[in-house]
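# Commentary on secondary and tertiary structure
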Amino acid sequence: MDCPHCHQLLSAIEVETSDGHTHNIEECLNCGGHFIEPYLSNFITVETARNVDSVLPKTHAVPATSPVCPKCGQIMPSIKDDVVPQTVTVFTCPNNHGDFFPKEQLFLFKRAQQSKIYYHKLWGIPLKSAFSVLIPVLVIFSFATLLPSIIEQVGTSQETRIKASEILTPPLITPISSTQVLISFSTQKPAKTSIQFTQGLTQTFTVSTTRQTNHLLSVENLEPSTTYRYVIIIDVDGRSVTTSPYTFSTP
Ligand SMILES: [Zn+2]
Ligand SMILES: [Zn+2]
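## Examining the nonpolar core
Counting residues in each nonpolar core, the largest one holds 24 residues, and the members touching the most others are Ala49, Met76, Val90, Phe100, Phe101, Leu106 and Phe109. Among the elements of the structure, strand 3 (34–36), helix 1 (46–52), strand 5 (99–101) and helix 2 (105–123) are those that each provide at least two residues to this core. Of all the elements, helix 2 adds the most residues to this core, at 3 residues. When residues no more than four places from it in sequence are discounted, the contact partners of Phe109 are Val84, Val88, Val90 and Phe101. Formed by 23 residues, the second largest nonpolar core is a distinct cluster that contains Ile183, Phe185, Leu216 and Val241.

## Considerations on the sheet that holds strand 4 (residues 91–92)
Taking strand neighbours across the sheet as the criterion, the 5 strands line up as 1-2-3-5-4 in an open arrangement whose pairing is antiparallel. Unpaired on one side and paired on the other, strand 1 (11–16) and strand 4 mark the two borders of the sheet. Of the pairings in the sheet, the one linking strand 4 to strand 5 comprises 2 bridges and is antiparallel in character. Bridge pairing in strand 5 places Thr92 opposite Asp99.

## Side note on the pairing of strand 11 (residues 227–236)
Side chains of strand 11 alternate between two faces, with Tyr228, Tyr230, Ile232, Ile234 and Val236 buried and Thr227, Arg229, Val231, Ile233 and Asp235 left unburied. In this structure, strand 9 (residues 180–199) lies alongside strand 11, joined through 7 bridges in antiparallel fashion. Opposite Ser194, over in strand 11, you have Ile233 as the bridge partner. Two elements, strand 11 and strand 13 (residues 246–249), share 4 bridges in a ladder whose sense is antiparallel. Residue Tyr228 lies in a different strand from strand 13, and its bridge partner there is Phe248. Where strand 11 lies against strand 12 (residues 239–243), 4 bridges are found, and the strand directions are antiparallel. By the bridge assignment for strand 12, Ile234 is matched with Val241. Between strand 11 and the antiparallel strand that follows it, strand 12, lie 2 residues; Asp237 among them carries a positive phi value of about 50°.

## What to know about the pairing of strand 10 (residues 204–219)
Pairing of strand 9 with strand 10, which is carried by 11 bridges, proceeds in the antiparallel orientation. When the sheet's bridge partners are listed, Ser184 is paired in strand 10 with Leu216. From the end of strand 9 to the start of strand 10, which pair antiparallel, there are 4 residues, and Gly200 there has a positive phi angle of about 90°.

What counts, and where the lines are drawn
- Residues numbered from 1 in each chain as written.
- Chains lettered and ligands numbered in written order.
- Predicted model: local features only at pLDDT ≥ 70, side-chain atom pairs only at ≥ 80, totals over all residues.
- Core = buried A, V, L, I, M, F, W, Y, C linked by C-beta atoms within 7 Å.
- Buried ≥ 20, exposed ≤ 12 C-beta atoms within 10 Å, placed from the backbone.
- Helix = DSSP H or I, 4+ residues; strand = E, 2+ residues; numbered from the N terminus.
- Contact = placed C-beta atoms within 7 Å.
- Pairing = 2+ DSSP bridges.

What follows is the structure, given as structure tokens:
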């Protein structure tokens, strides 16, 4: 793949994300930019972003032309959304192939995102939606590969299996500290939701008491370096469905 900005060959580098998995992102050694698959920038920690953005580019000259997506060749517009501060530039493929962060922008974005989360936490102001801090995803229901694919429907004798991807986005884990994480996800229809922990904790948290599509839970007093397992319970049209288990580990 070629760099969206300077069209030099991109090289894949491995990063560890906040949920403990490793992923590849594409780095341009010429201009220092990074092309990252959709959604993934939300999982990268501030520290990882700092390391990744410490790459020394060969050139600081950025072309005046708009970047183009290395996968589809479409012009990548910059994200105009209050998720990205006005002083930070992030480009995104209109066909949702990924986001391009010119040199330094990944670190600046992650720092701003973290500050916004801290601000809400410190002032006790609930985030209106997880998507006020997360890089938006245009086609959020195309992430079936990240999901446990089956939802077990409970409460009926006849077992019905529903594809999880038809009901919700994969939950995003945003660590605030080694003892606190935010869990966020969206449902396709407005729903009441709760999260039941089955490992690391045995507790059920109500996430959304009224029917809505964006769901956010802050879980505190966790143990550092611990794996947690949970299921999401979704009340859709008066029926309760439970997802397959998800896991995350605290830093
Ligand atoms: Zn480049
Ligand atoms: Zn594209």
